[in-house]
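Listed below are the residues making up each chain.
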Amino acid sequence: YEWAWPVMILSLALLLFVVLPFTTRFAPRIHGARRYLFGASVQPSEIAKLAVIVWTSMLIVKKGPALRRLSKGLLPFVLVVGALDVLVYVEPDLSSAMFYTLMMGIILFAGGVRVGHFVVLAIVGIPVLYTRAQKLQYVMLRMSAFFDPGLAPSHVDYQSRQSLIAVGSGGLFGVGFGNGRQQYGFLPFAYDDFIGGNIGEEWGFTGLTCLILAFALYAWLGFRIARAARTPFQRLVAVGITATMIISAYLHLGVVISLLPNTGLTLPFISYGRSNLVLSLLLTGIL
């Protein structure tokens, strides 16, 4: 509880440090974005996920009945998490910004916020989000490739097409562990953003099904822990952790099979990345 503000302030400070113009020595531009510190060792946007969970849960408990009021109840959440959104948007990383807002909304809903407040925020936020998305060319290209793949430039939906080839060639049981061809560079980031495609190729439909069921089991255990929590704060943290892990996993798998546009989200526990792995283990340990 007492770590909520320190973790949030640390996350804001790290995200700000990443995007400052005079910190490129420590936060270089990699693949067109500045999202990492010290090469690719630390990704502050991953740490911020923990901050959103703990800080939002803490403030909900602290607000109590005042949470039902729009100005004094909901506005502080929007301002602080909105600051996180702005900083990761500048990187640019619109997916993380939307993910923070989604996690905040889920925890607020579990905490008893009025549904009408979500309607108000949606009316105000969706036009702003669309306007910002239009300014990020890669976002609009990804959306056009998703809704109309035939008209999109070949380089835009190349990852998605190669991922479908990988999953399709895996068949029912896959081509065998380590025998997949996409790992040789045909599928970019097959070890990270598209690790699910590699799993589909080498382990087939059976492997992906087992993965989906494993995360479903995680969800069942996580929400069971939340229901048995001894305090409201613990319950909200458990809900936030479970939702973060499960939504990350299913969004990743949805992108891999082209049910969703490319978001760049990693697969918890499996995708390569120090920050992602440490966060996944930390959140599960807290849970």
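Residues numbered from 1 in each chain as written. Predicted model: local features only at pLDDT ≥ 70, side-chain atom pairs only at ≥ 80, totals over all residues. Heavy atoms only, no water.

(A) Representation of the packing of helix α7 (residues 158–170) against helix α8 (residues 195–227) within the structure. Between α7 and α8, the shortest axis-to-axis distance is 7 Å and the interhelical angle comes to 40 degrees. When the interaxial angle is binned, α7 and α8 end up oblique. In this structure, α7 meets α8 at a crossing whose hand is right-handed. Of the residues in α8, those touching α7 at S163, A166, V167, S169 and G170 are G197, G200, E201, G204 and L208. Class assignment for the residues of the contact of α7 with α8 results in three nonpolar, six polar and one charged. (Axes fitted to C-alpha atoms, helices over the stretch in contact; angles between N-to-C directions. Helix = DSSP H or I, 4+ residues; strand = E, 2+ residues; numbered from the N terminus. Parallel < 35°, antiparallel > 145°, perpendicular 65-115°, else oblique. Left-handed = near helix turned anticlockwise from the far one by under 90°. Contact = heavy atoms within 4.5 Å. Nonpolar A, V, L, I, M, F, W, Y, C, P; charged D, E, K, R; others polar.)

(B) Region of interest: the environment of G171. Tracing the backbone shows G171 in the loop between α7 and α8. Linking G171 and E202, residues 31 residues apart in sequence, is a C-alpha distance of 9.1 Å. Once residues within four sequence positions are removed from consideration, G171 is found in contact with G204 and F205.

(C) Here's a closer look at the nonpolar core. Formed by 60 residues in total, the largest nonpolar core has its most connected members in W55, F77, L108 and L267. Take this core: its biggest share by element is eleven residues, from helix α9 (residues 232–256). What L108 contacts, discounting residues up to four positions off in sequence, is T56, I60, L67, L74, F77, V113 and F118. (Core = buried A, V, L, I, M, F, W, Y, C linked by side-chain atoms within 4.5 Å. Buried < 20%, exposed > 50% of the residue type's maximum accessible area, 1.4 Å probe, protein only.)

(D) Layout of the packing of aromatic side chains. For the structure shown, the criterion picks out four aromatic pairs. Measuring from centroid to centroid gives 5.5 Å for W5 and W55, while their planes differ by 80 degrees, and the two rings are edge-to-face. Of the two residues, W5 is situated in helix α1 (residues 4–19) and W55 in helix α2 (residues 44–63); the sequence distance between them amounts to 50 residues. Judged by its relative accessible area of 0%, W55 is buried. When the centroid spacing of 5.7 Å and the interplanar angle of 70 degrees are considered together, the rings of W55 and F77 count as edge-to-face. Taken together, the residues span a long stretch of sequence, with W55 in helix α2 and F77 in helix α3 (residues 70–90) at a distance of 22 residues. (Phe/Tyr/Trp six-rings, centres within 6.5 Å; stacked < 30°, edge-to-face > 60°.)

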